[in-house]
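# Summary of structural features
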Amino acid sequence: MPPKTKVIKQRELNFLEKLYIPEVIRGVCITSGHFFKNLTLHSLHRIGLLRHIAAAVTIMYPEIKRRYPHRYRTRHRLTKRDDGTPRCVACMMCETVCPAKCIYIVAEENPDPNIEKQPKTFDIDLGKCIYCGFCVEACPEDAIRMDTQIMNIAGYTRESMYYTKDRLLNPEREGDIVKPSGSLR
Amino acid sequence: MPTLTVNGKEVTVEKGSTVIQAAEKLGFDIPRYCYHPGLSIAGNCRMCLVEIEKFPKLQIACHTQVQDGMVVKTESDVVKKTREHILEFLLVNHPLDCPVCDQAGECWLQNYYMKHGLYDSRLDEDKVKKSKAVSIGPTVMLDSERCILCSRCVRFTDEITKTSELGIFNRGDHSEIGIYPGRELNNKYSGNVVDICPVGALTDKDFRFKCRVWYLKASPSVCTGCSMGCNIEIHYQLERKHIAGGDRVMRFKPRENEEVNKWWICDEGRYGYPFIDKNRIHKPCRRVPDPVSKDGQKDMSPIPWDKALDMAAQKIKEIPKDAWAVLASPQMTNEELYLAKKVFGDTLGLAISLVSPNREGYSDDFLIKADKNPNTRGAFELGYNVLKTQLEEMVRKAEAGKIRGLYVFGQDLYEFLKPETAEKIFGPCELLIFQGTNWNPTAARASLVLPSAVFAEQDGTFTNFQRRVQRIFKALEPMGESKPGWEILAGLSERAGRKLSYKETHEIFDEIAAAVPVFQGLTYTKIGKKGAVLA
Ligand code: SF4
Ligand code: SF4
Ligand code: SF4
Ligand code: FES
């Protein structure tokens with residue numbers, strides 16, 4: 001079956017719109033409307049009135065950070081077992097599925113025969129990662145997650161985008177995990 | 001010869017054949033675990049159950065002999081349902097630890113589950129625990145929980161190697177594969193049990209955790225470990241450089257050839273692949289007086305190919321013809337040997353001889369041959385004199401100071417000459433040219449080193465001890481700047497004033513077929529993947 005095509009015509013501007021000036025005035029009205037509405041609401045909130053009606057706010061990033069939605073994909077981490085060793089068994093499912101080919105795992109023997117296998121090295125090149133989350137999806141051990149809420153991943157060198165096992169296991173060390181800030185709804 | 005019907009198609013097979021073989025002939029693939037064409041029939045896994053008319057119950061296809069007029073159904077509903085149940089049964093105590101199992105990706109439990117299983121497990125009970133990750137010998141690891149007790153490995157050690165290290169111990173669902181007390185799985189063919197184990201119970205220590213099998217590509221080839229010329233597959237991966245330190249070849253696996261190695265190879269050949277990636281000569285090198293250390297070698301300085309070949313050609317002209325010794329090697333392909341003769345013998349007029357080192361080793365009446373070279377027979381058929389006396393003669397000549405130029409193909413002369421004797425040869429020699437794949441003491445001693453491709457990096461043929469010509473195929477690009485031996489020889493020939501127009505090795509082989517009577521009528525197509533015997 002050929003795909004159905006829906007043709008949408010662009011609406012022509014009417015006479016008033018074509019005059020330009022009235023539209024500019026209308027735009028200024030909308031902006032000022034919001035401004036005065038928020039000004040009033042914020043002032044009233046101060047004296048304890050109309051608190052149930054929300055007013056727009058600007059979040060003072062990076063001093064204040066907002067908690068991202070629960071399923072938002074942020075920087076990876078490797079989860080740990082109770083004894084602190086990585087849960088990862090170096091099955092390389094994530095390495096295999098990764099469309100950016102930016103996961104590099106070398107496996108080794110785990111002394112416990114019931115675990116058997118563990119990653120000797122586990123590197124992700126975040127300079128290449130496209131944040132698709134396939135690695136998380138593929139993992140049979142819940143060993144890799146993208147829930148650190150770390151978003152500010154930037155570096156001056158390519159090497160600094162290269163995350164090793166140690167960095168992935170200890171995201172809190174890099175200090176950017178967002179605590180719910182309380183000042184927001 | 002009985003004629004039977006399988007799934008509505010008629011087929012006539014040899015008397016005494018089994019249903020599984022008859023079905024195979026028609027292209028019906030009956031699932032099996034314990035049946036292996038190279039071993040006796042055990043009939044214990046029950047995966048191959050099929051419906052045969054007039055039999056009250058399903059029969060195992062691997063052990064039921066065909067009879068005239070048999071009507072077999074391999075895909076009826078009851079057969080399909082049975083397979084599903086058998087698989088569920090085989091997996092009752094299986095730990096399902098595919099993430100850590102090296103067999104994952106080439107496992108017949110995975111394959112058949114996807115093809116014939118796809119049931120939801122009904123098991124509520126605890127699984128029986130058995131030993132995991134046990135070393136049972138220098139090459140093999142055992143995981144009893146994954147074993148489905150097909151007994152292929154036991155039959156292999158009983159029937160093929162006749163060493164009987166393995167057995168099945170205990171009873172019922174506590175049965176497990178094990179090693180007899182005080183023994184270990186340590187024979188010349190132990191790696192084969194890993195190949196025949198349909199699941200991940202027996203895995204290879206050498207390959208353990210190195211690479212996932214779905215990263216691998218396979219290329220047919222022939223083992224160069226001895227004159228048997230066992231057919232192998234080279235398993236390699238190129239995409240993931242972080243694996244195994246960037247090595248390309250991950251393992252060798254046997255390739256079935258009824259006439260040569262059947263389904264097996266020896267451990268020596270199986271684990272003989274590291275030289276393909278390790279310690280290779282990457283660039284043409286020249287000895288320089290200052291000790292610079294490049295390409296991992298002292299006193300060696302890389303030079304461009306053109307210069308290297310010019311230099312070689314120049315020196316070959318300078319030193320008188322009778323003061324030259326050219327030492328070909330039975331590690332070279334037929335094409336290289338033929339061309340070496342043509343270039344050095346005909347064009348340059350130098351004496352070329354084959355030194356087959358006295359490198360005789362272990363041999364048995366199965367696969368392993370004493371001659372550790374893949375192409376001694378080929379060299380002989382191409383007119384080389386394969387005598388140990390050649391070497392002695394050369395040594396005598398060298399000792400008399402009559403050898404001033406030496407061109408060595410690949411071999412390490414130190415390996416089969418005493419150090420004093422080697423010194424006596426190299427000492428008075430003005431120029432030693434080494435054309436080979438890996439660094440060795442002879443290469444390190446050379447004045448000019450020409451890097452050549454290993455067998456996995458070029459096309460060609462070897463002739464095994466049975467006079468069977470077998471193809472090797474290019475699986476990998478030559479490492480670094482190395483070139484296939486025949487290209488180097490063609491370069492030398494061009495500089496000596498005779499341009500050769502080969503673009504691929506099959507042209508050289510066609511020339512051999514035309515020039516050497518025993519090769520007559522052979523072509524690469526005729527040799528195919530299984531080889532062809534010389535006239
Ligand atoms: S998020 Fe996607 S691209 Fe990034 S590492 Fe995971 S699988 Fe690869
Ligand atoms: S998929 Fe999970 S267990 Fe497997 S290697 Fe990746 S992180 Fe480790
Ligand atoms: S170890 Fe493998 S080959 Fe041996 S009985 Fe078990 S499943 Fe079969
Ligand atoms: S293959 Fe026939 S019973 Fe196992």
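All values derive from a computational prediction rather than experimental measurement. (Residues numbered from 1 in each chain as written. Chains lettered and ligands numbered in written order. Predicted model: local features only at pLDDT ≥ 70, side-chain atom pairs only at ≥ 80, totals over all residues.)

In this section: the overall build of chain A. Regarding its fold elements, chain A presents five helices and five strands. Reading the secondary structure of chain A in the N-to-C direction produces α-α-β-α-β-β-α-β-β-α. Summarising its shape, the C-alpha atoms of chain A cover approximately 75 × 60 × 35 Å along the three principal directions. Put simply, chain A has 185 residues, and 19% of those count as buried. Look at the contacts in chain A between residues 6 or more apart in sequence, and 67% of them connect residues 24 or more apart. (Helix = DSSP H or I, 4+ residues; strand = E, 2+ residues; numbered from the N terminus. Buried ≥ 20, exposed ≤ 12 C-beta atoms within 10 Å, placed from the backbone. Contact = placed C-beta atoms within 7 Å.)

So, on to the overall build of chain B. Along the backbone of chain B there are 15 helices and 25 strands. Each principal axis of the C-alpha atoms in chain B carries an extent, and together these give about 85 × 50 × 40 Å. Each of the 535 residues in chain B was classed as buried or not, and the buried ones make up 46%. Here the contacts in chain B between residues at least 6 apart in sequence split such that 66% fall between residues at least 24 apart.

Our focus in this paragraph is the site of ligand 1. Around ligand 1, a shell composed of 13 residues is seen, among which A:Cys98, A:Ala100, A:Cys129, A:Cys132 and A:Cys135 lie nearest. By residue class, the composition of the shell around ligand 1 is twelve nonpolar, one polar and no charged. (Near = placed C-beta within 6 Å. Nonpolar A, V, L, I, M, F, W, Y, C, P; charged D, E, K, R; others polar.)

Before going further, it helps to examine the packing of helix α2 (residues 77–90) of chain B against helix α3 (residues 108–117) of chain B. Two quantities define a packed helix pair, namely the angle between the axes and the distance from one axis to the other. Residues and elements named next belong to chain B. Two elements in contact, α2 and α3, have axes whose closest approach is 9 Å; the angle formed by their N-to-C orientations is 145 degrees. Both α2 and α3 take part in a crossing whose hand is left-handed. On the side of α2, the interface is formed by Arg83, Glu84 and Leu87, while α3 contributes Tyr112, Tyr113, His116 and Gly117. (Axes fitted to C-alpha atoms, helices over the stretch in contact; angles between N-to-C directions. Left-handed = near helix turned anticlockwise from the far one by under 90°.)

The next subject is the interface of chain B and chain A. Contact residues are listed per partner, giving eight residues for chain B and 15 residues for chain A. Along the lines of polarity and charge, the residues of the side of chain B that touches chain A split into five nonpolar, one polar and two charged.

Time to look at the domain arrangement of chain B. Residue and element names in this part refer to chain B. Each assigned domain of chain B is listed with its residue range as follows: domain 1 (3–90), domain 2 (98–276) and domain 3 (285–533). Centre-to-centre, using C-alpha coordinates, domain 1 lies 26 Å away from domain 2. Listed as interface residues are 15 residues of domain 1 and, on the opposing side, 18 residues of domain 2. Considering only residue class, the side of domain 1 that touches domain 2 consists of eight nonpolar, four polar and three charged. (Domains from an automatic or database assignment.)

So, on to the site of ligand 2. Residues in close proximity to ligand 2 total 14 residues, the closest being A:Cys88, A:Cys91, A:Met93, A:Cys94 and A:Cys139. Neighbouring residues of ligand 2 are not confined to a single chain but are spread across chains A and B. Residue classes in the shell around ligand 2 are distributed as 13 nonpolar, no polar and one charged.

We now examine the confidence of the model for chain B. Summary statistics for chain B give a mean pLDDT of 92 and a share of 97% for residues scoring 70 or more. Interface predicted TM-score (ipTM) for the complex: 0.87; the corresponding pTM is 0.89. (pLDDT = per-residue confidence, 0-100.)

Overall, antiparallel pairing links the three strands, which are arranged β6-β7-β10 (chain B) in an open sheet. Both outer strands of the open sheet, β6 (134–135) and β10 (202–204) of chain B, are each paired with one neighbouring strand and no more. (Pairing = 2+ DSSP bridges.)

Bringing helix α2 (residues 21–46) of chain A into the picture now. In an α-helix, one full turn covers 3.6 residues, which means residues spaced three or four apart are oriented alike. Residues and elements named next belong to chain A. End to end, α2 covers 38 Å across 26 residues, agreeing with the expected 38 Å (1.5 Å per residue, within 8%). When you tally the buried positions in α2, you get zero out of 26 residues, a small fraction of the element. A positive phi of about 85 degrees marks Gly48, the residue just after α2. (Expected span 1.5 Å × (residues − 1).)

Okay, the domain arrangement of chain A next. Domain parsing of chain A yields domain 1 (1–57) and domain 2 (77–174). Inter-centroid distance (C-alpha atoms) of domain 1 of chain A to domain 2 of chain A is 45 Å.

A word on helix α7 (residues 305–318) of chain B. For α7(B), spanning 14 residues, the distance from its first C-alpha to its last is 20 Å, which sits close to the expected 20 Å at 1.5 Å a residue. Its buried side turned inward, α7(B) meets β21 (431–436), β22 (448–451) and α13 (485–495) of chain B.

Here we come to the sheet that holds strand β25 (residues 532–533) of chain B. All names here are of chain B. The strand order across the open sheet built from three strands is β23-β24-β25, with neighbouring strands paired in antiparallel fashion. Looking at strand neighbours, the two that pair on one side only are β23 (460–463) and β25, the edges of this open sheet. The pairing of β23 with strand β24 (residues 468–472) spans four bridges and is classified as antiparallel. Bridge assignment links Thr461 to a residue of β24, and that residue is Arg471.

Residue and element names in this part refer to chain B. Counting residues in each nonpolar core, the largest one holds 61 residues, and the members touching the most others are Ala328, Ala340, Ile433 and Val449. Setting aside anything within four residues of it in sequence, one finds Val449 in contact with Ile281, Pro284, Cys285, Met300, Phe434 and Ala443. Core analysis: the next-biggest nonpolar cluster, separate from the first, contains 50 residues, Leu90, Leu91, Ile179 and Leu185 among them. (Core = buried A, V, L, I, M, F, W, Y, C linked by C-beta atoms within 7 Å.)

Before going further, it helps to spend a moment on the environment of B:Ala308. Residues and elements named next belong to chain B. Tracing the backbone shows Ala308 in helix α7. The class of Ala308 is buried, set by 23 C-beta atoms lying within 10 Å. Along the chain, Ala308 and Glu511 lie 203 residues apart, while their C-alpha atoms are 28 Å from each other. Leave out the neighbours within four places in its chain, and Ala308 touches Pro284, Ile303, Leu448 and Leu450.

What follows is about the pairing of strand β8 (residues 166–169) of chain B. Residues and elements named next belong to chain B. Where β8 and strand β9 (residues 176–179) come together, four bridges link them in antiparallel fashion. Each residue of the ladder has a partner; that of Gly167, found in β9, is Gly178. From the end of β8 to the start of β9, which pair antiparallel, there are six residues, and Asn170 there has a positive phi angle of about 65 degrees.

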